[in-house]
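For reference, the chains in residue letters:
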Amino acid sequence: MPQTGPTGGGDSKADSETYPVSEFTSLNYWEGLGDEAGSKWAIAISSKQDWRSKVKSDVDGIVGTNRGYSKIIFITNQFVRDKVRAEVEDKLTKEFGLPIVIHDRTWILDRVFTNNRENIAIEELKLGEGLEETLNLGPNDAERSMQLSLLNKEIEDALSHAIITITIVSKALSAALVARGMEKTRYEIEGLFGRAVRIAEKLSSPELLFSVKYHLTWTT
């Protein structure tokens, strides 16, 4: 959920926050954790060099709003040592009584490059033309890419109408297998398998659930 203001924050204390979605919408999530889709998290973003004082003041201000956040995520563009980050997280979590998570520049870079988000960074940071990677798909991967897009759309349409059937579970499994065949990133493949598992559990079909978990285990 975007906030108002020239740099995203406005004066609402949080720079962004999550918003609730329906149970069936969360079933379709394959990035992140679908079972936490109803949680209300506050997100604070900072480029201040003294990140320690900034995270403390941001958390204090966010908690003071009494909006019922269940987690606060603080993102800084500074480098933070793992040991220091863990110490600050533990201290603030104990002080304010809710989980505080700190992501630093290393995490940002990892998310960009590990998850192949370079084009988003190039576009949003206005780095200029010519840096984009040209991706030439072979005929097999081009067909798989179209198949994956179609499967994901059919699954999303069905779940948006609260429809869960054996066919939908099968399509969710097929999407994961197609992504595996395309050698997508691990987080994408595991995320699609995770979605198939949740949908199969919702359908209460032991046979389908076993099949999905078998393929997930073999893939892992």
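Everything numeric in this text was worked out from a predicted model, so none of it was measured.

**Overview of the overall build of the protein**
Part 1: The secondary structure content of the protein amounts to 9 helices and 4 strands.
Part 2: Traced from its N-terminal end to its C-terminal end, the protein shows the element sequence β-α-β-α-β-α-β-α-α-α-α-α-α.
Part 3: Expressed as a percentage of the 220 residues in the protein, the buried residues total 35%.
Part 4: Partitioning the intrachain contacts of the protein with sequence separation of at least 6 by distance along the chain shows that 66% fall at a separation of at least 24.
Part 5: Entry remark: accessible area of the protein is about 13700 Å², with carbon and sulfur atoms responsible for 54%.

**Some points on a nonpolar patch on the surface**
Part 1: A cluster of nonpolar side chains, contributed by Phe79, Leu109 and Phe113, occupies part of the molecular surface with about 330 Å² of accessible area.
Part 2: Tracing the backbone through its elements, the reader meets Phe113 in helix H4 (residues 105–114).

**Overview of unusual backbone geometry**
Part 1: Phi at Glu183 takes a positive value of approximately 60 degrees, unusual for a residue other than glycine.
Part 2: Backbone geometry places Ser204, a non-glycine residue, at a positive phi of 60 degrees.
Part 3: Looking at the element boundaries, Ser204 is found in the loop between helix H8 (186–203) and helix H9 (206–219).

**Points about helix H2 (residues 51–64)**
Part 1: With 14 residues, H2 extends 20 Å from end C-alpha to end C-alpha; this agrees with the ideal 20 Å at 1.5 Å per step.
Part 2: Turning to H2, its buried residues number three or more, namely Trp51, Val55, Asp58, Val59, Gly61 and Ile62. Looking straight down H2, one finds its buried side chains confined to an arc of 165 degrees; they lie on one side.
Part 3: Where H2 is buried, its residues touch strand E2 (41–46), strand E3 (71–76), helix H3 (82–96) and strand E4 (100–103).
Part 4: After H2 finishes, the residue Asn66 shows a positive phi value of roughly 55 degrees.

**Here's the deal with helix H6 (residues 139–160)**
Part 1: Across its 22 residues, H6 extends 32 Å between first and last C-alpha, which sits within 8% of the 32 Å expected from 1.5 Å per residue.
Part 2: On its buried face, H6 sits against helix H1 (23–27), helix H7 (166–181) and H8.

Definitions and limits used
Residues numbered from 1 in each chain as written. Predicted model: local features only at pLDDT ≥ 70, side-chain atom pairs only at ≥ 80, totals over all residues. Heavy atoms only, no water. Helix = DSSP H or I, 4+ residues; strand = E, 2+ residues; numbered from the N terminus. Buried < 20%, exposed > 50% of the residue type's maximum accessible area, 1.4 Å probe, protein only. Contact = heavy atoms within 4.5 Å. Areas by Shrake-Rupley, 256 points an atom, 1.4 Å probe, with all protein chains shown as cover. Patch = residues over 30% accessible without salt bridge, like charges linked within 9 Å, V, L, I, M, F, W, Y side chains within 5 Å. Salt bridge = Lys/Arg side-chain N within 4 Å of Asp/Glu carboxyl O. Expected span 1.5 Å × (residues − 1). Arc of directions from axis to C-beta.

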